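Results of the structural survey
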Amino acid sequence: MLTIRSVTFRPAAWLLPVAVAALAASTGLATTGAFAAPQAADRGAKAEASDRNDPHARAVRQLRFGTADRPFAADSPWNARPIGVTLGTDEIPKAKNYPTLEDGKWSTGVFVASPDDKPVTVLPLPGRKGIWDPDAETMRDQITIPRWPAGVEPASAADGHGDIVDPVDRMIHSFNVLRFIDGQWRADQYAWTKLDGRGWGEPGHYFQGARAAAVPTMGGLVRAKEIDDNDEVFRHALAMSLTHTGLSPDPAYIFPATSADTGAKSNTGKVPQGALMMLPPDFDTERIKDPLLRKVARTLKVYGAYVVDRNVETPYVIYVEMGANKSPMKRGWHPEFAAELDRVRGGLRQVMSVDRWVDGNGRPMSMDTPQNRFSLRGPWKRGGNDAAMKSAATGTTATAAAGGDRTGAGYDTRRQAVVFPAGEGVTVLVNDSGRSLQPVTWAKPEAGKRYKLTATATGGAKLQLQLLDAGRRTTLFDSGELADGASRTFEWPEGQGAVRVTVRSGPGPGESSVGGALVPVDAKDDSKDVAPDKSDKSDKSDKSDRTRAKTQDKASPGSAR
């Protein structure tokens, strides 16, 4: 069972509006940039001078980010605007169907809860063993959402998408195959993301929505209320799917995506999920008669569209909020509209590089902010009442108190931590499955590069990370026991092939929890580590890590990532 606990967050700050003048008409839609290899933003005079000539930086905006109407942070890839892009040469191939703007059963709805809404428990679909939780990589027998709005109507097609926004907890609950059956809500898959976060997965919490690219279905969605808002463009990147002839089999996805369809090997195209697609600056948008498609095309020149899913036999689909009913195709076949959709297809290209980025407020930003590589997902096994957390780095042993048995201890996806219920004594759990380091292709640890592990714990709980060789006989790195706020910085060892994570509850009697973050650090970063533990008298210079103390490991062999 997964119960999403109600947590009070600090309200997101009102972000300063970007000032001045109205948009220039057709001549103002100069190309901005996109993604390939993330580059740091240019914050100098050159960037400022460029912005003075950029009508989008000068457009009057009154935006509050991290809300149901304007989801995600200002520096989310969804809200960021690329400047100075280099486009690829490959065209999206034609397919059996024409491209489309989808606002019907294959799209999604967005349903916003109120503080007074009651909780609802979602059960598995009939005949299923559970609800798939891709973050925990396990089946849940049920999921309880603390506030469930009235009027939830998920998409009726096979995907059954529906996103529920909880402004109180500042969360988006993203469902796949959500159904109301015989008076009971049921679903096939569940994931969540922060309403004011990036709107994309990170290597640790790698699955944060129902799309194949691991994003919520409202990410990049054209919302009904913004279609006729008198703006020239949609002020965010759009969400797009391609069919198998357009999608790449390898790589199946690139940054910022952290996943792709399981059948990606059958793809025959060249565009990976996570790619940003844009129209070139000379693409004539003003000849498009349909106002929605014209606004979409303008947006594709300014923000672009991220590829987040795979469809069936359609060159591209751009997703519009379900029920908007703005497509002329809803009223019958329109050959001129279809021809313009196809002309957009012929113009779209993958962004291969970008000079710099600005956030939703027009401020310079970077896309290469370090992201957490570490997760506390299971499976976990008991270390035993007299189990020890042995540190190769310190030579010390911490033994669990006898009688520590916290029934129900395990990974809580909402808290991104292992939670130990209230009880007496110390419980030790061990995970050597390798799942703590999900192998996101663009974020695999690299030997010789520096990383920093930081523990986040409550109630006296502690975290330990050990990196071993593939045979699990030699410990190449041992963090020692890390209490709340403690950290270790180290070079990723050569020959690492297995991972062991050990967590230890506090002594009780109250609840305790332990989480952690593992992020890459710059080679020039000389910040000091926080001591792992008061009882740890080891040399904090990490000398023991560099010498790689060799300890024999008697654990049973298992999979390693």
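Relevant structure appears above.
Below, the structure is looked at part by part. Per-chain numbering applies: the sequence of each chain, read as written, is numbered from 1 onward. In keeping with the model being predicted, local features are shown solely for residues with a pLDDT of at least 70 and side-chain atom pairs are shown and tallied solely at 80 or more, while totals for entire chains, interfaces and linings include all residues. Hydrogens and waters are ignored; side-chain quantities use all the structure's heavy atoms.

**Focus: the overall build of the protein**
Elements are defined by DSSP. Helices are runs of H or I of four residues or more, strands are runs of E of two residues or more, and each kind is numbered from the N terminus. Scanning the protein from N- to C-terminus turns up six helices and 31 strands. Contacts: residue pairs with any heavy atoms within 4.5 Å of one another. Long-range contacts, defined as pairs at least 24 residues apart, comprise 77% of the intrachain contacts of the protein with a sequence gap of at least 6.

**Concerning empty space enclosed by the protein**
Within this scheme a cavity is a closed region of a 1 Å grid, computed over the protein atoms alone, that accommodates a 1.4 Å probe without allowing it to escape, whereas a pocket is open but has protein on both sides within 12 Å along at least five of seven lines; lining residues each have an atom within 4 Å of a point. Grid points are joined across faces, edges and corners, and a volume is the space filled by probe spheres set on the points. Here the structure, examined in full by the defined rule, presents four cavities of 30 Å³ or more. Computed from the structure, the largest cavity encloses a volume of approximately 100 Å³. In this structure, the largest cavity is lined by 13 residues; those nearest its centre are Pro-71, Met-218, Gly-220, Leu-221 and His-236. Taken together, the residues of the lining of the largest cavity sort by class into six nonpolar, three polar and four charged. Amino acid classes used here: Ala, Val, Leu, Ile, Met, Phe, Trp, Tyr, Cys and Pro are nonpolar; Asp, Glu, Lys and Arg are charged; the rest, including Gly, are polar.

**Regarding the nonpolar core**
To define a nonpolar core, start from buried Ala, Val, Leu, Ile, Met, Phe, Trp, Tyr and Cys residues and group those joined through side-chain atoms within 4.5 Å. Here's how the labels work: a residue is buried when its accessible area is under 20% of the maximum for its type, exposed when over 50%, partly exposed in between, all with a 1.4 Å probe on protein chains only. One finds Trp-78, Val-165, Trp-200, Tyr-306, Val-308, Trp-357 and Met-367 to be the most contacted residues of the largest nonpolar core, which totals 42 residues. Taken together, the elements giving at least two residues each to this core come down to strand 15 (276-278), strand 16 (305-310), strand 17 (316-319) and strand 18 (349-358). Here the element with the most residues in this core is strand 18; it accounts for three residues. Those residues in contact with Val-308 that sit more than four places away from it in its chain are Trp-78, Trp-200, Arg-211, Ala-212, Ala-213, Val-215, Ala-239, Met-240 and Gln-273. Among the nonpolar cores identified, the runner-up in size contains 31 residues, and Ile-92, Leu-247, Val-307 and Ala-324 belong to it.

**Let's talk about unusual backbone geometry**
In this structure, Pro-379 follows Gly-378 across a cis peptide bond, with omega equal to 10°. Counting through the fold element by element, Pro-379 comes out in the loop between strand 19 (364-365) and strand 20 (381-382). Across the junction of Gly-508 and Pro-509, the peptide omega takes the value 5°, indicating a cis bond. Considering the arrangement of structural elements, one finds Pro-509 in the loop between strand 30 (496-504) and strand 31 (512-520). Of note in this structure, Ala-214 is not a glycine but carries a positive phi near 75°. Structurally, the position occupied by Ala-214 is in the loop between strand 13 (189-194) and helix 3 (224-227). Classification of Ala-214 as buried rests on a relative accessible area of 0%.

**A look at the sheet that holds strand 27 (residues 462-469)**
Spatial strand order, 20-25-30-27-28: five strands in an open sheet with antiparallel pairing. Each edge of the sheet is formed by a strand with only one pairing partner; in this case those strands are strand 20 and strand 28 (475-478). Pairing between strands is defined by DSSP: at least two bridges between the two strands are required. Pairing of strand 27 with strand 28, which is carried by three bridges, proceeds in the antiparallel orientation. If you follow Leu-468 over to strand 28, its bridge partner there is Thr-475.

**Some words on the layout of surface pockets**
Put simply, the largest pocket is a space of about 950 Å³. Lining the largest pocket are 34 residues, with Ala-212, Ala-260, Asp-261, Thr-262 and Asp-309 positioned closest to its centre. Mapped onto the lining of the largest pocket, the elements with two or more residues apiece are strand 3 (100-102), strand 16 and strand 17. Within the lining of the largest pocket, the residues separate by chemical class into 15 nonpolar, 11 polar and eight charged.

**Considerations on the environment of Arg-500**
Within the secondary structure, Arg-500 is located in strand 30. The class of Arg-500 is buried, set by a relative accessible area of 8%. For Arg-500 and Gly-434, which are 66 residues apart along the polypeptide, the C-alpha to C-alpha distance reads 7.2 Å.

**Some points on helix 4 (residues 291-302)**
Across its 12 residues, helix 4 extends 17 Å between first and last C-alpha, which sits within 8% of the 16 Å expected from 1.5 Å per residue. For helix 4, the set of buried residues is Leu-292, Leu-293, Lys-295, Val-296, Ala-297, Arg-298, Thr-299, Leu-300, Lys-301 and Val-302. Pairs of N or O atoms within 3.5 Å make up the polar contacts considered here, provided that, within protein, one atom can donate a hydrogen while the other can accept it, and that residues adjacent in sequence are counted only when both atoms are side-chain atoms. Measuring from the backbone nitrogen of Leu-292 back to the side-chain oxygen at the start of helix 4 gives 3.2 Å, which picks out Asp-290 as the cap. Expected helix span is given by 1.5 Å per residue-to-residue step, counting one fewer step than there are residues.

**Examining the side chain of Glu-321**
Summarising the element assignment, Glu-321 is placed in the loop between strand 17 and helix 5 (335-347). Only 2.9 Å separates the side chain of Glu-321 from the backbone nitrogen of Ala-224, close enough to count as a polar contact. Look past the residues within four positions of Glu-321 in its chain and what remains in contact with it is Asp-103, Ser-107, Thr-108, Val-110, Leu-221, Val-222, Arg-223 and Ala-224.

**Looking at the pairing of strand 5 (residues 120-124)**
Looking along a regular strand, one sees the side chains alternate between the two faces of the sheet. Summarising the sheet, strand 5 and strand 8 (residues 143-145) pair through three bridges and their orientation is antiparallel. Directly across from Val-122, in strand 8, lies its bridge partner Ile-143. Two strands pair when backbone bridges link them, and strand 5 and strand 12 (residues 184-187) are joined in this way by two bridges, in the parallel orientation. Within strand 12, the residue paired with Leu-123 across the bridge is Arg-186.

**Digging into helix 5**
The terminal C-alpha atoms of helix 5, which comprises 13 residues, lie 18 Å apart, in line with the 18 Å expected from a rise of 1.5 Å per residue. Among all positions in helix 5, only Phe-337, Ala-338, Glu-340, Leu-341, Asp-342, Arg-343, Val-344, Arg-345 and Gly-347 are buried. Looking at the buried residues of helix 5, the elements they touch are strand 3, strand 15, helix 4, strand 17 and strand 18.

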